[in-house]
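# Commentary on secondary and tertiary structure
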Protein chains: 2
Amino acid sequence: MTRSPQIAGESDLIDRYLRPLAGRGSLDLRDDVALIQPEPGTELVVTTDMVVENVDFFPDDPPEAIASRALRVNISDLVAKGAEPFAFVMALGLGSDRDEAWVGRFTAGLARDIGRYGADLVGGDLSRAGTTTIVITAFGRVPAGRLVGRHGAQPGDVVFVSGTIGDSALGLRLRRGELMPQPEVSHLHLLRRFLTPEPRFELIGVVRKHASASMDVSDGLAADLARLCEASEVTAVVEMSRVPLSPSARAFVEVDSALWQVILGGGEDYEILCTVPASDAEAFASGAAAAGVPCAAIGTIAAGDAAPVFVAADGKPLGIERPGHDHFAAD
Amino acid sequence: MTRSPQIAGESDLIDRYLRPLAGRGSLDLRDDVALIQPEPGTELVVTTDMVVENVDFFPDDPPEAIASRALRVNISDLVAKGAEPFAFVMALGLGSDRDEAWVGRFTAGLARDIGRYGADLVGGDLSRAGTTTIVITAFGRVPAGRLVGRHGAQPGDVVFVSGTIGDSALGLRLRRGELMPQPEVSHLHLLRRFLTPEPRFELIGVVRKHASASMDVSDGLAADLARLCEASEVTAVVEMSRVPLSPSARAFVEVDSALWQVILGGGEDYEILCTVPASDAEAFASGAAAAGVPCAAIGTIAAGDAAPVFVAADGKPLGIERPGHDHFAAD
């Protein structure tokens, strides 16, 4: 009902920027639908994520990074389930301030990630929007019955987390000017971790092989572990000293230990949180290391339905003030 | 990054309003992904549409109607391809002015349509957004190799269109106050046709059985027929006297024949436009009538690559001023 005249027509934009990205099943983006043919013996895994200007990214973030974020938050969901991404559809709603140059940079970023993750663009929709909004629905596959859900954790399983935790949440607070910069700390590392998620694509195989339950850390380690435990009807004990921190995050938390709340509650890590039977723990850790992604054993699953406990170095449990990212909670 | 405090938390909203709608493959909306298992011998058909406040609907439209629109524009795409809808995922971005009561009415509308079309909610994402935005990605199935695309029309095929054309475009202009109301004409019919698309669900079978090419009319009959012809590398001749109009639309066009431009160029009809080999035309028409949806033979496919011609009652071709709805064209 509203129109903006300063941009090429819808079909021109599709011709110039989207059709070159179209893959198998897309019908060359010339029809109204895409065709997906899962291989026999596999199940199709579907995830969808909405990425919104001023909610999930800043208006002046590089368009390439916004595209990466929109795709990668979905790739991360698939990977954490042991599913191999292969295709996606994208609804792109352009705010009235976005011009063709922005679309060009956005699709260039998308093209790079398509090559990186092997997920083809097979369909989509292009629209004007109040503020720029991207919704990608991504498709992955697992051998039938082999999806790694949230619900399989058993007492005695080891809790693993990949990479480092809290960088993105600290990066967001630096970006917002809510965190006092520290001398001799790499802020760039933290800002980058917020700007561009790095899904743990390399872990698909070891997660599928060894994990009893798995998810990605998107709403904060504390909240996501609580959800995994709830789905599995168990609880967990985590030793905070074993939660892996980057040198930058460690430097911040050493100055102000209250930042543990940000690290464990802040979200957008896109690391893998999974549980592994104790008998497989060594094989999982070495498989992950061989794939180039260090994974830390941070705790143990236990029987019970209490919230997971995060035990500090002094042996006392940490009270988590804000249990994870919630789009609708007051900040 | 922005938060609005006046609404229940994300997981409360999911518990109260979305989980009751969740179907098979949804993992009860308790995991990060959905599982879809197409039946052997079928292909999975995927479509995605973005529906945006102030672009595709008015802020004060009934929430139930907004939900119906968001789902039905996708159902319409599937139906037109001869695909049977069975599941969908939904990203719902709520503008800051939307409260829990709105969500309740929105999901009530969605629940009604889930029952009507047999498409289960299997996953989604809930977010705050600048303006309310809904992206549904819907899944249908066809027997392998039986998708009816845009590309199969042959010279000599009969061009059919279901229902009536132009009502929605006239309804939108009435709603905007751009069209002078006519005495003794049902404006309500036109306004309703704009407010709530009615996908031609009943035609899935006859389209799959008889149509050589098919699509739904979403961007205007003239533009959509041009696209079908382009994909099929043919042209078409349409007799305007045979384009089916509702009594309300007919009354408007009899007063002002310039409204043919709105009727053929306006879009949002969500009728089926398809081509049928001449030998099947009678069987198609009677099959459609038996399914309760009248379909009119409006013209013929011809060899050539010119734009389709719309011939008026006086034998002269109509010049189409604005070839269809384009989100990015000046209005």
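Residues numbered from 1 in each chain as written. Chains lettered and ligands numbered in written order. Predicted model: local features only at pLDDT ≥ 70, side-chain atom pairs only at ≥ 80, totals over all residues. Heavy atoms only, no water.

It is worth spelling out the packing of aromatic side chains at this point. Tallied over the full model, the rule gives 9 aromatic pairs over all chains. With centroids separated by 5.2 Å and ring planes inclined at 20°, the aromatic side chains of Trp102 of chain A and Phe106 of chain A adopt a geometry described as stacked. With Trp102 of chain A and Phe106 of chain A both in helix α3 (residues 100–117) and 4 residues apart, this pair spans about one turn of that helix. Comparing Trp102 of chain A with Phe106 of chain A, the two get one shared label, buried. Seen in terms of ring centroids, Tyr117 of chain B and Phe201 of chain B are 5.4 Å apart; in terms of plane orientation they differ by 70°. Their pairing is edge-to-face. Within this pair, whereas Tyr117 of chain B is found in helix α3 (residues 100–117), its partner Phe201 of chain B is found in the loop between α5 (187–195) and α6 (204–210), the two being separated by 84 residues in sequence. Geometry around Phe194 of chain A places Arg69 of chain A over its ring, the cationic atom sitting 5.0 Å from the centre. (Phe/Tyr/Trp six-rings, centres within 6.5 Å; stacked < 30°, edge-to-face > 60°. Helix = DSSP H or I, 4+ residues; strand = E, 2+ residues; numbered from the N terminus. Buried < 20%, exposed > 50% of the residue type's maximum accessible area, 1.4 Å probe, protein only. Lys NZ or Arg CZ within 6 Å of the ring centre and 35° of its normal.)

Take the pattern of salt bridges next. Taken as a whole, this structure holds 46 salt bridges over all chains when the rule is applied. One salt bridge connects Asp219 of chain A with Arg227 of chain A, and the closest N-O pair in it is separated by 2.6 Å. Residue classification places Asp219 of chain A among the buried positions, given a relative accessible area of 14%. The salt bridge involving Glu178 of chain B is made with Arg176 of chain B; its shortest N-O contact spans 3.3 Å. Under the relative-accessibility criterion, Glu178 of chain B is labelled partly exposed at 49%. (Salt bridge = Lys/Arg side-chain N within 4 Å of Asp/Glu carboxyl O.)

Attention now moves to helix α10 (residues 281–290) of chain A. Residue and element names in this part refer to chain A. Turning to α10, its buried residues are Ala281, Phe284, Gly287 and Ala288. The buried residues of α10 all sit within an arc of 135° when viewed along its axis, so they share a single face. Exposed side of α10, more than 90 degrees from the buried face: Glu282, Ala289 and Ala290 are the residues found there. Residues of α10 that are buried in the fold lie against β6 (158–162), α6 (204–210), β9 (272–276) and β10 (295–302). Among the residues trailing α10, Gly292 stands out with phi positive, at a value near 90°. (Arc of directions from axis to C-beta. Contact = heavy atoms within 4.5 Å.)

Two modes of strand pairing occur in sheets, parallel and antiparallel, and in both the strands are linked by backbone hydrogen bonds. Residues and elements named next belong to chain B. Strands sit in the order β7-β9-β6-β10-β8-β11-β12 across an open sheet of 7 strands; the sheet is mixed. What marks the edges here is a single partner per strand, and that holds for β7 (213–216) and β12 (317–318). Bridge count for β7 against strand β9 (residues 272–276) is 4 bridges, and the pairing is antiparallel. In the strand pairing of β9, Met215 is matched with Leu273. Strands β6 (158–162), β9 and β10 (295–302) of the sheet are contacted by helix α10 (residues 281–290), whose axis makes an angle of about 5° with β6. (Pairing = 2+ DSSP bridges. Axes fitted to C-alpha atoms, helices over the stretch in contact; angles between N-to-C directions.)

Let's shift gears to the confidence of the model for chain A. Where the model shows low pLDDT, its predicted coordinates should not be examined in detail. Residues and elements named next belong to chain A. Across chain A, pLDDT averages 93, with 95% of residues at or above 70. Note that pLDDT drops below 50 for residues 1–5; the model gives that stretch 24 contacts with residues more than four away or on any other chain. Reported confidence for the predicted complex is 0.93 by ipTM and 0.94 by pTM. (pLDDT = per-residue confidence, 0-100.)

Right, let's talk about the relation of the copies chain A and chain B for a bit. Rotating chain A by 180° and moving it 0.0 Å along the rotation axis overlays it on chain B with an RMSD of 0.0 Å. The operation mapping one copy onto its partner corresponds to a two-fold rotation axis. The rotation axis passes nearest to the C-alpha of Gly130 of chain A in chain A, at a distance of 3.1 Å. Taken together, the interface assignments show that 100% of the residues at the interface of chain A recur at the interface of chain B, consistent with an identical surface on both copies. (Least-squares fit on C-alpha atoms with pLDDT ≥ 70 in both.)

We now examine the sheet that holds strand β4 (residues 120–128) of chain A. If you walk across this open sheet you meet the 5 strands as β4(A)-β3(A)-β5(A)-β2(A)-β1(B), and the pairing is mixed. Both edges of this open sheet fall to β4 of chain A together with β1 (34–36) of chain B, since each of them pairs with a single strand only. On average, each strand axis in the sheet is tilted by 20° relative to the strand beside it, whichever way the strands run. Where strand β3 (residues 84–94) of chain A meets β4 of chain A, 8 bridges bridge the pair, whose relative direction is parallel. Across the sheet, the residue bridging to Leu92 of chain A is Leu126 of chain A, located in β4 of chain A. Against the sheet, helix α2 (residues 63–80) of chain A makes contact with β2 (42–52), β3 and β5 (133–143) of chain A, and its axis sits at roughly 145° relative to β2 of chain A, the strand it touches most. Relative to β3 of chain A, α3 of chain A is tilted by about 170°, and along the sheet it contacts β3, β4 and β5 of chain A.

Moving on to the environment of Gly304 of chain B. All names here are of chain B. Here Gly304 is to be found in the loop between β10 and β11 (309–311). Among the residues examined, Gly304 registers a relative accessible area of 33% and is labelled partly exposed. Once the C-alpha coordinates of Gly304 and Pro199 are considered, the two residues, 105 residues apart in sequence, prove to be 31 Å apart. What Gly304 contacts, discounting residues up to four positions off in sequence, is Glu233, Val234 and Thr235.

The description of two helices packed together rests on the angle between their axes and the distance between the axes. Residue and element names in this part refer to chain A. Relative orientation of the contacting elements helix α1 (residues 10–18) and α3 amounts to 35°, with a least axis distance of 10 Å. In this structure, the crossing between α1 and α3 has a hand that is right-handed. Contact with α1, carried on its side by Leu13, Arg16, Tyr17 and Leu18, involves Glu100, Val103, Gly104 and Thr107 of α3 and no other residues of that element. (Left-handed = near helix turned anticlockwise from the far one by under 90°.)

With that out of the way, let us pick up the interface of chain A and chain B. Taken together, the contact pairs 73 residues of chain A with 73 residues of chain B. Counting the surface lost from both chain A and chain B, the interface buries some 6000 Å², and carbon and sulfur atoms represent 57% of this. In this assembly, chain A and chain B are joined by 6 salt bridges. Summed over the shared surface of chain A and chain B, the number is 20 residue pairs in polar contact (both at pLDDT 80 or more). Taken together, the elements giving at least two residues each to the side of chain A that touches chain B come down to α1, β1 (34–36), β2, α2, β3, β4 and β5 of chain A. Each residue belonging to the side of chain A that touches chain B can be placed in one class, and the counts come to 36 nonpolar, 20 polar and 17 charged. Relative to β1 of chain B, β2 of chain A runs antiparallel, the two being bridged by 3 bridges. In the sheet register, Leu44 of chain A faces β1 of chain B, and the bridge partner there is Ile36 of chain B. (Buried area = accessible area lost by both parts, 1.4 Å probe. Polar contact = N/O pair within 3.5 Å; in protein donor to acceptor, adjacent residues only side chain to side chain. Nonpolar A, V, L, I, M, F, W, Y, C, P; charged D, E, K, R; others polar.)

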